[in-house]
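# Fold and contact review
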Amino acid sequence: MSNHTARWPLPTHDYWSTPFAESLLQHLDLRPGLRILDVASGYGIPAFYLAEHIGPSGEVFAVDVSAGQVARARAIQGSQLPWLRFECMDMRFLPSNLATFDRVTGNLSVMFFRPNRFEAVRGLIERLHPGGQLVLTFPSHGTFDSLWQVVDRVMIQQRRIIERERFQTYLNERPSAQEGRGWLEKLDLERVEAIEYPLEVATGPGHEFLHHPLLRRGFLDDVFECFEDQSLAERFMTDIAHDITQFTPLIAHRCVLTGWKKI
Ligand SMILES: C[S@@+](CC[C@H](N)C(=O)[O-])C[C@H]1O[C@@H](n2cnc3c(N)ncnc32)[C@H](O)[C@@H]1O
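Calculation criteria
Residues numbered from 1 in each chain as written. Predicted model: local features only at pLDDT ≥ 70, side-chain atom pairs only at ≥ 80, totals over all residues. Heavy atoms only, no water. Helix = DSSP H or I, 4+ residues; strand = E, 2+ residues; numbered from the N terminus. Domains from an automatic or database assignment. Near = heavy atom within 4 Å. Polar contact = N/O pair within 3.5 Å; in protein donor to acceptor, adjacent residues only side chain to side chain. Areas by Shrake-Rupley, 256 points an atom, 1.4 Å probe, with all protein chains shown as cover. 1 Å grid on protein atoms, 1.4 Å probe; cavity = no way out; pocket = protein on both sides within 12 Å on 5 of 7 lines; lining within 4 Å. Sits in = over half its atoms within 2 Å of the grid points. Nonpolar A, V, L, I, M, F, W, Y, C, P; charged D, E, K, R; others polar. Phe/Tyr/Trp six-rings, centres within 6.5 Å; stacked < 30°, edge-to-face > 60°. Buried < 20%, exposed > 50% of the residue type's maximum accessible area, 1.4 Å probe, protein only. Points joined across faces, edges and corners; volume = space filled by probe spheres on them. Salt bridge = Lys/Arg side-chain N within 4 Å of Asp/Glu carboxyl O. Expected span 1.5 Å × (residues − 1). Contact = heavy atoms within 4.5 Å. Axes fitted to C-alpha atoms, helices over the stretch in contact; angles between N-to-C directions. Parallel < 35°, antiparallel > 145°, perpendicular 65-115°, else oblique. Left-handed = near helix turned anticlockwise from the far one by under 90°.

Take unusual backbone geometry next. A cis geometry characterises the amide bond from I45 onward to P46, with omega recorded as 5 degrees. Topologically, P46 is positioned in the loop between strand 1 (35–39) and helix 2 (47–54). Here R114 and P115 are connected by a cis peptide whose omega angle stands at 5 degrees. Among the structural elements, P115 can be located in the loop between strand 4 (101–106) and helix 4 (117–126). Positive phi is not limited to glycine here, since L81 has a value of about 45 degrees.

Set out below in structure tokens:
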């Protein structure tokens, strides 16, 4: 914003959503008066920022499947920015009578497009007005590879065949930047880009790593799920966590996927 201080900046204490949102904003053509659909909106990163920047002549419609997240976002909003609306909706199955938008954004969204990511992206592009821009971010294939290499090596050493099969399936299932670019090209978008920026996630050893707020509720849980026996999984990961020098620096790939709908 030009001549007054922003009241809804991206939160500075969020070391995951905010860096992804910053890369999203770097690629988003954001102007006053736009109508924006923000999917997987969570509690409002970056919906509040977008709403402030488009101003009262625009509209932000933010959807999340979690009623809890929507309630949290609405509580933060109160009666402010009335041109921003949070609704509980599944972004993969948006109502067909929903209006079209000038922009569709989704920070940390693509990983939740399962099981058919291509169809989910197609659905979002249908909600885009001709000439409009789609900008999505996600941690792309390659994220935390240094850690996965250690996990894989130890699984081989310990002959954990079933766990390793599951683990490989999980790794291969993660969408890559190239795959994302392919979807947008196939769906006939113009000026398609899939750009990756590195993001280092800092951690200490042992407990700090195993209970890292970012890793434990997502990435590490996926490894635990490869094990039938959770106490075995705990021992397996505790051993790995002793020596974090094997896999640090821990680097995520922040992927920004963007393209424009033809007029
Ligand atoms: C990693 S969070 C990102 C939230 C926010 N955009 C941010 O950057 O902090 C992912 C969000 O996607 C939501 N989500 C998952 N599956 C969804 C779906 N099918 N439709 C809409 N939202 C979904 C979750 O409830 C969660 O709030």
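Time to look at the domain arrangement of the protein chain. In terms of domains, the protein chain is made up of domain 1 (17–140 + 175–200 + 252–260) and domain 2 (145–171 + 204–247). Distance from the C-alpha centre of domain 1 to the C-alpha centre of domain 2: 31 Å.

In the neighbourhood of the ligand, 16 residues make up the surrounding shell, with S17, A40, I45, D64 and N107 lying closest. Between the ligand and the protein, one listed contact pairs a nitrogen atom with a side-chain N or O atom of R92 at 3.4 Å. Protein burial of the ligand: of its 590 Å² of free accessible surface, 85% is covered by the chains. Under a 2 Å grid-point criterion requiring more than half of the atoms, the pocket assigned to the ligand is the largest pocket. Considered class by class, the residues forming the shell around the ligand number 7 nonpolar, 6 polar and 3 charged.

In total, this model carries 12 aromatic pairs according to the counting rule given. Arranged with centres 6.2 Å apart and planes meeting at 25 degrees, the rings of W16 and F144 form a pair that is stacked. With W16 in the segment before helix 1 (17–27) and F144 in the loop between strand 5 (128–139) and helix 5 (145–157), this pair connects stretches of sequence that are 128 residues apart. The same class applies to W16 as to F144, namely buried. Both rings, one in W148 and one in Y170, keep their centres 6.0 Å apart while their planes meet at 85 degrees; by these two values the pair is edge-to-face. Here W148 is found in helix 5, whereas its partner Y170 is found in helix 6 (residues 161–173), with 22 residues between them in sequence. Y170 matches W148 in its accessibility class, with the two residues each being buried. An aromatic cluster is defined as three or more aromatic residues linked by ring pairs; in this entry it consists of W16, F20, F144 and F219.

Moving on: the layout of surface pockets. The gaps left among the atoms become clear once a water-sized probe is rolled over them. In this structure, the largest pocket occupies an estimated 1,300 Å³ of space. Around the largest pocket, the lining is made up of 44 residues, and of these W16, L108, M111, F112 and R217 lie nearest the centre. Elements supplying a minimum of two residues to the lining of the largest pocket: strand 2 (59–64), helix 3 (67–77), helix 6, strand 6 (190–201) and helix 9 (213–224). No other element matches the 6 residues that helix 9 contributes to the lining of the largest pocket. Composition of the lining of the largest pocket by domain shows at least three residues from each of domain 1 (17–140 + 175–200 + 252–260) and domain 2 (145–171 + 204–247). Computed from the structure, the second largest pocket encloses a volume of approximately 170 Å³. Residue lining of the second largest pocket: 13 residues in total, with P9, P11, G44, I45 and F48 positioned closest to the centre. Partitioned by chemical class, the residues of the lining of the second largest pocket number 10 nonpolar, 2 polar and 1 charged.

With that settled, the discussion passes to the pattern of salt bridges. Evaluation of the coordinates by the stated rule reveals 14 salt bridges. With a shortest N-O distance of 3.1 Å, R122 and E119 are connected by a salt bridge. Separated by 3 residues within a single helix, R122 and E119 lie in helix 4, roughly one turn from each other. Overall, R122 belongs to the partly exposed group, its relative accessible area being 33%.

Further remarks concern helix 5. The terminal C-alpha atoms of helix 5 lie 18 Å apart, and with 13 residues this matches the ideal 18 Å at 1.5 Å per residue to within 8%. Looking at helix 5, one finds that the buried residues are L147, W148, V150, V151, D152, V154 and M155. Turning to helix 5, the residues buried within the fold contact helix 6, helix 8 (207–210), helix 9, helix 10 (230–242) and strand 7 (250–260). Phi turns positive one or two residues past the end of helix 5, at R159, with a value near 50 degrees.

Here we take up the packing of helix 5 against helix 10. To describe two helices that pack against each other, one gives the angle between their axes and the distance between the axes. Running from N to C, helix 5 and helix 10 cross one another at 125 degrees; their axes reach a closest spacing of 11 Å. The orientation of helix 5 relative to helix 10 falls into the category oblique. Classified by chirality, the crossing of helix 10 by helix 5 is right-handed. Facing helix 5, whose interface residues are L147, V150, V151, V154 and M155, helix 10 presents F236, M237 and I240. In terms of residue class, the contact of helix 5 with helix 10 is built from 8 nonpolar, no polar and no charged.

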